[in-house]
Amino acid sequence: MKIGILNGGGDVQPLNAVISSIVKSGVHDGHEFIGFEKGWEGVLSPMLYRTLDQKAVRGISHVGGTILGTVNKGRFAAKVGAGDKNKIDDEILNQAKANLEKVGVEALIVIGGDGTLSGALQLADKGVNIVGVPKTIDNDLKSTDKTFGFSTAVDIATEALDRTHTTATSHDRVIFVEVMGRHAGWIALNSGLAGGADMILLPEMPFDYKKIVEFLRMRKETGYRSSVVVVAEGATSKEGFFVTLEPAESTQKQEIKLGGISNTIIHNIEKMAPGEFELRNTVLGHVQRGGTPNSEDRILAKQYGVAAMEAAVNGDYGKMVSIRDGKIVLVPIAEAVAQLKLVTPDCLEVHTAKRIGVFFGS
Ligand code: F6P
């Protein structure tokens, strides 16, 4: 078979490991591979692609980023928020289908999060044979237990929190660390738990400014010299506004760029309790998506790569490979993108953190 490989959306550290294992597990059976560059843009005219053979994927599994490049915007944008779907222009979908036929692609393996896979679904509806592979550091895809990239991101954020603790204590400071997580706070929750955060603020659990100030005062009064707070970029106060890096109206057809919530919180605390706390801010940003994948993510990526190749050969189209309870299962892409996996206030991690005194902002 001639199989196309495409990754879309934000990069994650183990993407090359997936690409390499798809190719390595298929070349020996005589299958051929084309890698489309820059996400969906690569299948649109003018096409951007390259042949992927054994040599092309040699030595890339432990290298972060993606040899194919990626974009999370453009003509194929299919999702703009937690649930908002974009209908991709018919002309664009038809062009992608015709281009894939032109280069002889019989099945397309699409590695992506809910945005990229929502696009894949619309192309599958046009009759293109598609196998999905779940990818996002946010770990917010409902139909799979884990997405690759998440574990490495949590490791990076945990190390940042460890480092923040020592300097916060030296200076008697309250330091905020903002991490990724648009709609789901899994990175903040897991790194906060592992890295001993005193407060964790999540998109799913809106916070109360008054209660935050009270908590910080209580810590000071009971002898704690410092506090470390981890904040997901999509966290909101009870009043409920996302803090964005650009005006909302300029991003209507794309995902809003989040960022700055920790800074906003600091300003508001300073207004409510002037001079009471020495506040500092750290925004981790894309550091969380870059660099070497950890061993757990490399293994997960390889499992997904091999499973996707098997699904393509078996003709399991319109499905996404998932891991549930340690086993590979195939889930309809439509089901996989229907709903995000969000933190719930009664989940084990929140329960554990609360029992050891972590405050969730309300
Ligand atoms: O969806 C994954 C993610 O890492 C989000 O947590 C974050 O908001 C977004 O990507 C950032 O994307 P960009 O590469 O556009 O800055």
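Please read these numbers as outputs of a predicted model, since none were measured by experiment. All residue numbers refer to positions counted from 1 along the written sequence of the respective chain. In keeping with the model being predicted, local features are shown solely for residues with a pLDDT of at least 70 and side-chain atom pairs are shown and tallied solely at 80 or more, while totals for entire chains, interfaces and linings include all residues. Excluded from the side-chain calculations are hydrogens and water; all other atoms, namely the structure's heavy atoms, are used.

**Let's talk about the packing of aromatic side chains**
Here's step 1: When two rings of Phe, Tyr or Trp (its six-membered ring) have centres within 6.5 Å they constitute a pair, described as stacked for plane angles under 30 degrees, edge-to-face for angles over 60, and tilted for the intermediate range. All told, the structure shown has five aromatic pairs when counted by the stated rule.
Here's step 2: Between Phe 207 and Tyr 209 the ring centres are 5.2 Å apart and the planes differ by 85°, which places this aromatic pair in the edge-to-face class. The pair Phe 207 / Tyr 209 is uniform in exposure class, with both members buried.
Here's step 3: The criterion is that NZ of a Lys, or CZ of an Arg, lies within 6 Å of the ring centre and within 35 degrees of the ring normal, and then a charge sits over that ring. Stacked on the ring of Tyr 224, the Lys or Arg Arg 219 has its end atom at 4.1 Å from the ring centre. Throughout this description, buried means an accessible area under 20% of the type-specific maximum (1.4 Å probe, protein chains only), exposed means over 50%, and partly exposed covers the range between.

**As for the sheet that holds strand E7 (residues 199-201)**
Here's step 1: Paired strands, in this sense, are two strands between which DSSP finds at least two bridges. Helix and strand assignments come from DSSP, with helices taken as H or I runs of at least 4 residues and strands as E runs of at least 2, each series counted from the N terminus. One open sheet holds the four strands; their spatial order is E7-E8-E6-E9, and the pairing between them is parallel. One side of each edge strand has no neighbouring strand; the edge strands of this open sheet are E7 and strand E9 (279-283). Taking each pair of neighbouring strands and ignoring which way they run, the sheet shows an average axis angle of 20°.
Here's step 2: Here strand E6 (residues 174-179) runs beside strand E8 (residues 227-232); their pairing, made up of six bridges, is parallel. Of the residues in E8, the one forming a bridge with Val 174 is Ser 227.
Here's step 3: We call two residues in contact whenever any of their non-hydrogen atoms come within 4.5 Å of each other. Geometry is summarised by axes, namely lines fitted to C-alpha atoms with helices restricted to the contacting stretch, and by angles between N-to-C directions that run from 0 to 180 degrees. Sheet contacts for helix H4 (residues 150-171): E6 and E8; angle to E6, the most-contacted strand, approximately 165°.

**Quick word on the site of the ligand**
Here's step 1: Being near a molecule or strand, for a residue, means having at least one of its heavy atoms within 4 Å of it. All residues in the neighbourhood of the ligand are listed as Asn 72, Ile 137, Asp 138, Met 180, Gly 181, Arg 182, Glu 233, His 286 and Arg 289.
Here's step 2: Between the ligand and Gly 181 there is a distance of 3.4 Å, counted from an oxygen atom to a backbone nitrogen or oxygen.
Here's step 3: Here an oxygen atom of the ligand and a side-chain polar atom of Glu 233 are 2.5 Å apart.
Here's step 4: What sets the accessible areas is the Shrake-Rupley method with a 1.4 Å probe; for residues, cover comes only from the shown protein chains. Taking 400 Å² as the accessible area of the ligand by itself, protein coverage stands at 76%.
Here's step 5: Three or more residues apiece are contributed to the shell around the ligand by two domains, here domain 1 (2-149 + 293-336) and domain 2 (152-289). Contacts described as polar in this section are N or O atom pairs within 3.5 Å, which, within protein, must combine one atom able to donate a hydrogen with one able to accept it, while residues neighboring in sequence count only if both atoms come from side chains. A domain assignment, automatic or from a database, supplies the domain bounds used here.

**Re the packing of helix H1 (residues 15-27) against helix H8 (residues 295-314)**
Here's step 1: Running from N to C, H1 and H8 point in directions that differ by 45°, and their axes come no closer than 7 Å. Here H8 runs oblique to H1, going by the angle between their axes. Here H1 runs over H8; the crossing is right-handed. Along its contact with H1, which presents Ala 17, Val 18, Ser 21, Ile 22, Ser 25 and Gly 26, the element H8 presents Ala 301, Lys 302, Gly 305, Val 306 and Met 309.
Here's step 2: Following the grouping adopted for this structure description, the nonpolar residues are Ala, Val, Leu, Ile, Met, Phe, Trp, Tyr, Cys and Pro, the charged ones are Asp, Glu, Lys and Arg, and the polar ones are all others, Gly among them. A per-class count over the contact of H1 with H8 returns six nonpolar, four polar and one charged. The scheme is simple: roughly parallel for angles under 35 degrees, roughly antiparallel for over 145, roughly perpendicular for 65 to 115, oblique for anything else. Helix crossings are classified by the rotation of the near helix relative to the far one: an anticlockwise turn of less than a right angle makes the crossing left-handed, while a clockwise turn makes it right-handed.

**Regarding the pattern of salt bridges**
Where charged atoms from two side chains of opposite charge come close, those side chains can pair.
Here's step 1: Salt bridges are counted wherever a side-chain nitrogen of Lys or Arg sits within 4 Å of a carboxyl oxygen of Asp or Glu. Inspection of every chain in the model, using the stated rule, returns 15 salt bridges.
Here's step 2: Note that Arg 289 and Asp 11 form a salt bridge whose closest N and O atoms lie 3.0 Å from each other. Of this pair, Arg 289 sits in the loop between E9 and H8 while Asp 11 sits in the loop between strand E1 (2-7) and H1, placing them 278 residues apart in sequence.
Here's step 3: Of the charged contacts, one joins Lys 146 and Glu 296 as a salt bridge, the two residues approaching to 2.7 Å between their closest N and O atoms.

**Observations regarding the sheet that holds strand E2 (residues 32-36)**
The strands that make up a sheet are held in pairs by hydrogen bonds between backbone atoms, and each pair lies either parallel or antiparallel.
Here's step 1: Overall, mixed pairing links the seven strands, which are arranged E3-E2-E1-E4-E5-E10-E11 in an open sheet. Both edges of this open sheet fall to strand E3 (49-51) and strand E11 (327-332), since each of them pairs with a single strand only. The average undirected angle you get between the axes of adjacent strands in this sheet is 25°.
Here's step 2: With five bridges connecting them, strand E4 (residues 107-112) and strand E5 (residues 130-134) associate as parallel partners. Bridging from a neighbouring strand, Leu 108 pairs with Ile 130 of E5.
Here's step 3: In this fold helix H3 (residues 114-124) packs onto E1, E4, E5 and strand E10 (319-324), with an angle of close to 155° to the strand it touches most, E4.

**Side note on the nonpolar core**
Here's step 1: Membership of the largest hydrophobic core comes to 61 residues, with the highest contact counts inside it found for Ile 5, Ile 111, Val 133, Phe 148, Leu 189, Ile 200 and Phe 360.
Here's step 2: With eight residues, H8 is the single largest residue contributor to this core.
Here's step 3: The two domains that each donate at least three residues to this core are domain 1 (2-149 + 293-336) and domain 2 (152-289).
Here's step 4: Residues enter a nonpolar core if they are buried and are Ala, Val, Leu, Ile, Met, Phe, Trp, Tyr or Cys, with the set joined through side-chain atoms within 4.5 Å. Counting 27 residues, the second-largest nonpolar core is a separate cluster that includes Leu 93, Val 103, Val 110 and Ile 130.

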